[in-house]
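Structure at a glance
So you can see what is in the structure, the chains are spelled out below.
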Amino acid sequence: MVPREVDGTMTDGKPAHFIQALVDEHARTGRFGGKVHTRFPPEPNGYLHLGHAKSICLNYGLAKANQGLFNLRFDDTNPAKEEQEYVDSIIADVKWLGADFGDRLFFASDYFEQMYQWAESLVKKGKAYVDDLNADQVREYRGTLTQAGRNSPFRDRTTDENLSLLRRMKAGEFADGSKSLRAKIDMSSGNLNLRDPVMYRVLRATHHRTGDAWCIYPTYDWAHGLEDSIEGITHSICTLEFENHRPLYDWFLDELGIHHPQQIEFARGNLNYTVMSKRKLLELVKGQHVRGWDDPRMPTLSAIRRRGYTPEAVRAFWDEMGVTKIDSVIDVGRLENAVRTDLNRTALRRMAVLRPLKVVIENYPEGQEEPLDAVNNPEDSAAGSRKVLFSRELYLEREDFMENPPKKFFRLAPGREVRLRYAYFITCQSVVKDARGEVTELRCTYDPATRGGDAPDGRKPKATLHWVSAGHAVPAEARLFDRLFSDEFPEDPKHGRDYKEFLNKSSLEVVTARVEPSLATAKAGDRFQFERLGYFCADPDSKPGAPAFNRTVTLKDTWAKEKAKGG
């Protein structure tokens, strides 16, 4: 994600972002001995989403660009919300993105004993105490932004008493929530995070790795810096909401006198037409508003992978968006453009008809079929070509025909000639309708002299249409996805409504398409461009002879733009 810097300018022509500039400053001054060691520290309490991808790309990109190391570390300090399923999915997502952590897979739970020993050392220094206030009382005593907090009545316990109580907490002698270990800092600090923050709480919950070995668990603020220090992290990169936590991060490390990384904050990645909160994404899953964490409408990495996004496109997108300290919401259309750009280069072309309309070529011999050459990818000559079968009966896209076309509609209409991709020119001669007046079939003629798509006399139809042979095409389920939410900012408090009220009821349409025979054997994850329709990805639900495809992203559609303008 991050190119190397040469004389203050990145090798791709972009200036160094502020984090790279700080890394370069540390290299010049000799801080950290010129080393760069970063990490991605997710909590295993949900699936990763596109915002996490920004952090992964940034952390791994910095390490790679500066010949450093990158760790994947799970901050598994809250067993009540953590599951092995989430651990497995996160590992798969990080690997999919291409972030190579090698053998550096770690867990906060690996360090529970060391963290506890450091907690005892702070108690012995008089820098931490055991408190009997419950969670609500702790919040009440903390004060507000405009009002100083109050000391807990248990703040002045002796060192011996605090040490004894802490050890009894660890031994399981106290009920959940009845006691906590707090740092003794400053209850009048202007930074609420420094008003004697909680370091440990009593919590009986089975941990996914340590089982029931512990009944006290460290808070994120206490564990975060210790984990970084143990692993030798040099640059601890966080999102902006942790900026006010940095003084506490520094305080803990300074009091312990251990390796002290530099915490750096950046703006998180937000997109419109979705939500990027694991809590809310979990609500959508548990409320069955979506079909799971990997529902292709979700912003999770497992979902976009299933939808057909590539890791290259995701990395390119976040690289283009850059790294700043200014929160903003990015138009999801920019992400879709990055996906189009990548798939245009790599995806094999195939023909498919989503809403079939039968066409009979009246002057084409009955029973004849004809193999025609079709290009696999015009962007990649090495992809070669394939044969597609042409016959008397075809399927065209229903929306490619209008009986009474308006101005600027250049596709098929009565008496009009169009080009069939890789095949011939055809002209619509008549229309067959059912009892309701719906068009069910088109009767056309073809010009045998136009094989391959060119006319000897040089005439050029204004439209080229895709098609499939009715006798050879395979039925396939096509899942056409739209935005998950109908409102650009579903979480905007100005609405005064729950974000779920903006779920888009038209976010999924399922149609039975007709596709080229070769697509019958597509494997899950195979990506294609269905010509003129968009990019599609074979879904894991596919079965031999019964493929299912997810629409990854549409192509640009000139007629759709005209309709949107009222043309």
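For the structure, see preceding data.
Before going into details, it helps to say that this report is about the structure given with it. (Residues numbered from 1 in each chain as written. Predicted model: local features only at pLDDT ≥ 70, side-chain atom pairs only at ≥ 80, totals over all residues. Heavy atoms only, no water.)

Quick look at the packing of helix H7 (residues 220-231) against helix H8 (residues 246-256) now. When two helices pack together, their arrangement is captured by the angle between the axes and the distance separating the axes. Orientation of H7 relative to H8, taken along the N-to-C sense of each, is 60°, at an axis distance of 9 Å. The angle between H7 and H8 places the two elements in the oblique class. Relative to H8, H7 is oriented so that their crossing is right-handed. Between H7 and H8, the contacting residues are Asp221, Trp222, His224, Gly225, Leu226, Asp228 and Ser229 on the first element and Leu248, Tyr249, Phe252, Leu253 and Leu256 on the second. Residues that form the contact of H7 with H8 fall into these classes: seven nonpolar, three polar and two charged. (Axes fitted to C-alpha atoms, helices over the stretch in contact; angles between N-to-C directions. Helix = DSSP H or I, 4+ residues; strand = E, 2+ residues; numbered from the N terminus. Parallel < 35°, antiparallel > 145°, perpendicular 65-115°, else oblique. Left-handed = near helix turned anticlockwise from the far one by under 90°. Contact = heavy atoms within 4.5 Å. Nonpolar A, V, L, I, M, F, W, Y, C, P; charged D, E, K, R; others polar.)

Of the two faces of strand E3 (residues 37-40), the one holding His37 and Arg39 and the one holding Thr38 and Phe40 are both buried throughout. Two elements, E3 and strand E4 (residues 69-74), share four bridges in a ladder whose sense is parallel. Following the sheet pairing, Arg39 is matched in E4 by Asn71. In this region the chain leaves E3, passes through helix H2 (residues 50-65) and returns to the parallel neighbour E4; the handedness of that crossover is right-handed. (Buried < 20%, exposed > 50% of the residue type's maximum accessible area, 1.4 Å probe, protein only. Pairing = 2+ DSSP bridges. Right-handed = clockwise from strand over helix to strand, strands pointing away.)

The computed volume of the largest pocket comes to approximately 1300 Å³. Around the largest pocket sit 48 residues that line it, and Glu43, Asp75, Tyr220, Asp221 and Phe242 are the ones nearest its centre. Of all the elements, helix H5 (residues 135-142) adds the most residues to the lining of the largest pocket, at four residues. Considering only residue class, the lining of the largest pocket consists of 19 nonpolar, 17 polar and twelve charged. (1 Å grid on protein atoms, 1.4 Å probe; cavity = no way out; pocket = protein on both sides within 12 Å on 5 of 7 lines; lining within 4 Å. Points joined across faces, edges and corners; volume = space filled by probe spheres on them.)

This next bit is on the environment of Asn376. In this fold, Asn376 is placed in the loop between strand E17 (369-375) and strand E18 (385-391). For Asn376, a relative accessible area of 7% gives the class buried. Ignoring sequence-local partners within four residues, the contact set of Asn376 consists of Ala347, Leu348, Arg349, Arg350, Ala383, Gly384, Ser385 and Arg386. Of note is the side chain of Asn376, whose polar atom sits 3.3 Å from the side chain of Arg386. (Polar contact = N/O pair within 3.5 Å; in protein donor to acceptor, adjacent residues only side chain to side chain.)

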